[in-house]
Amino acid sequence: IRTRVAIVGAGPAGLILSHLLADAGIDSVIVDQRTRGDIEQTIRAGILEQGTVDLLTAIDPSSRVHTVGTRHDGIELRFEGEGHRIDFPALVGRSVWLYPQHEVLKDMLALRLRAGQDLRFEVTASRVEGVDTPTPRVFATTAAGDELIIEADFVVGADGSRSVVRPAITGDAFNGHFREYPFAWFGILCEAPESSEELIYSNSDNGFALISQRSHDVQRMYFQCDPETDPTVMSEEEIWETLQSRVPGTTLKEGPIFQRDVLRFRSFVASELRHGRAALVGDAAHTVPPTGAKGMNLAVADVVLLARAVNALLVENDARLIDAYADEALKRIWKAQHFSWWMTSMLHTLPEHTEFDRRRQLGELRSVVDSEAGRTFLAEAYTGWPLA
Ligand code: DHB
């Protein structure tokens, strides 16, 4: 089949990109190896930056982010048994929204399908060829086992951390900058009311915990654990005891735990984000550790830049923006890499930490909360630097 832009991956990046391209009169085909149901049910992060919400609102003024989602005007950093609120609007005039990623996906899928988007589920792309020619091609297989070749003017890899588009751009699936962390998050979803009005990021002597939310009757919580932890082994009682011991000062409202998972911590930036007529966005281009919730927001920032660049290339035959795409995107990506690494390193405790490391870390937290400049730095990054 022939299209102008072949998009591999129907996550937030691919779907929002197809909308922005359609807005500019550029048709695209999206393929994703998952079913629509799988895409709509994958539990991922929950925090949207101000700029992401502004974009979703521009795409659909009646977006459910404003009815189902909740605006959060701050977070709490807790250490040495005390909470310290970071007041976003007072510091930077911006906020974040708690609105789970799978809800964004439901909204965007419905919107794109209603607009007639060519969107093919259960189509597994395997490789991309011809990125150095004017007509790159995506090779894929349908659920029925038929080969599908998509010929396009431009190919976008929005296909997550195990991207099959990436090798056509970086020359190798793993070329890039990597960092692994010696800990992970044990995440739970439980049926309970909120334990706190706002998110609590807690650095305790027993390790890190994050008290987040999903809705008035479903809560999301995490605690730092060993990456090799088997999530099925702990009893619910042990999980609650662990969480409880890490947020001294708050009595968590407990309830049945209906999902548990272990999230590994990685930082990654691909060595190249664009080669010839192909580019990477979202997790295909980079991974951040979850602390600070930058992942999906960074994907959105990538596609805003890329949509503009592809438009200039394909409609005005002007390659300047696409030539600048990687450098421009990388400025924000490395800022987000730093912020995610910084929040992570400031909040987690490590077995090999000496007493010096531990006290220095508490000193760092105190430098942030005691200083308006420190709180402002955090608030600016957390609510998101303005989109280009
Ligand atoms: C959530 C995840 C994060 O990484 C974070 O910093 C805040 C919230 C969440 O899943 O709710």
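Everything numeric in this text was worked out from a predicted model, so none of it was measured.

Peer 1: Help me out: how do you make sense of the overall build of the chain in this one?
Peer 2: In terms of regular secondary structure, the chain is built from 11 helices and 20 strands. In summary, the chain has a C-alpha radius of gyration of 21 Å against a globular reference of 21 Å for 388 residues, a match within 12%. Judged by the C-alpha coordinates and their principal axes, the chain covers about 60 × 40 × 40 Å. Counting all 388 residues of the chain, 44% fall into the buried class. A separation threshold of at least 6 residues defines the contact pool for the chain, and within that pool the share at least 24 residues apart is 71%.

Peer 1: I'm lost on the UniProt feature "domain: FAD-binding" (unreviewed entry) in the chain in this one. Help?
Peer 2: The positions that UniProt labels "domain: FAD-binding" (unreviewed entry) are, in the present scheme, residues 2–339. Annotation note: span residues 2–339, helix share 31%, strand share 32%, distance between end C-alpha atoms 41 Å.

Peer 1: What is the right way to look at the sheet that holds strand E1 (residues 5–8) in this model?
Peer 2: Strands pair in a sheet through their backbones, by hydrogen bonds, and they do so in one of two ways: parallel or antiparallel. Read across the sheet, six strands follow the order E8-E2-E1-E12-E19-E18 without closing on themselves; strand pairing throughout is mixed. The strands lining the two open edges of the sheet, one partner per strand, are strand E8 (118–120) and strand E18 (274–275). Judged from the four bridges that link them, E1 and strand E2 (residues 28–31) form a sheet pairing that is parallel. Residue Ala 6 lies in a different strand from E2, and its bridge partner there is Val 29.

Peer 1: Teacher, can you tell me more about the environment of Phe 339 here?
Peer 2: Looking at where Phe 339 falls in the secondary structure, it is placed in helix H9 (residues 320–347). Accessibility expressed as a C-beta count within 10 Å gives 21 for Phe 339, which makes it buried. It is 31 Å that separates the C-alpha atoms of Phe 339 and Ala 192, two residues lying 147 residues apart in sequence. Sequence-distant contacts of Phe 339, defined by excluding residues within four places in its chain, comprise Gly 292, Lys 294 and Ala 381.

Peer 1: Please explain the site of the ligand as it appears in this structure.
Peer 2: The environment of the ligand is formed by Ala 45, Gly 46, Ile 47, Leu 199, Leu 210, Ser 212, Arg 220, Pro 290, Thr 291, Gly 292 and Ala 293. Here the residues of the shell around the ligand sort into six nonpolar, four polar and one charged.

Peer 1: How do you make sense of the domain arrangement of the chain when you look at a structure like this?
Peer 2: One frequently used descriptor of interface size is the decrease in accessible area upon assembly of the parts. Annotation of the chain at the domain level lists domain 1 (5–46 + 100–175 + 271–346) and domain 2 (180–266 + 350–383). Placing the centre of domain 1 and that of domain 2 at their C-alpha centroids yields a distance of 30 Å. Taken together, the contact pairs 10 residues of domain 1 with 15 residues of domain 2. The element best represented in the side of domain 1 that touches domain 2 is H9, accounting for three residues. Looking at side-chain class alone, the side of domain 1 that touches domain 2 contains six nonpolar, four polar and no charged residues.

Peer 1: Please clarify how the nonpolar core should be interpreted in this entry.
Peer 2: For soluble globular proteins, nonpolar side chains are generally found buried alongside one another. Counting residues in each nonpolar core, the largest one holds 106 residues, and the members touching the most others are Leu 17, Val 156, Val 281, Leu 306 and Val 310. Here the element with the most residues in this core is helix H8 (residues 295–316); it accounts for 13 residues. Of the domains in this structure, domain 1 (5–46 + 100–175 + 271–346) and domain 2 (180–266 + 350–383) are the two that each give at least three residues to this core. Residue contacts for Val 156: discarding those within four places in its chain leaves Val 5, Ile 7, Val 8, Leu 17, Ala 279, Val 281 and Leu 306.

Conventions used here
- Residues numbered from 1 in each chain as written.
- Predicted model: local features only at pLDDT ≥ 70, side-chain atom pairs only at ≥ 80, totals over all residues.
- Helix = DSSP H or I, 4+ residues; strand = E, 2+ residues; numbered from the N terminus.
- Rg over C-alpha atoms; globule rule 2.2 N^0.38 Å.
- Buried ≥ 20, exposed ≤ 12 C-beta atoms within 10 Å, placed from the backbone.
- Contact = placed C-beta atoms within 7 Å.
- UniProt positions renumbered as here; feature names shortened; annotations may be inferred.
- Pairing = 2+ DSSP bridges.
- Near = placed C-beta within 6 Å.
- Nonpolar A, V, L, I, M, F, W, Y, C, P; charged D, E, K, R; others polar.
- Domains from an automatic or database assignment.
- Core = buried A, V, L, I, M, F, W, Y, C linked by C-beta atoms within 7 Å.

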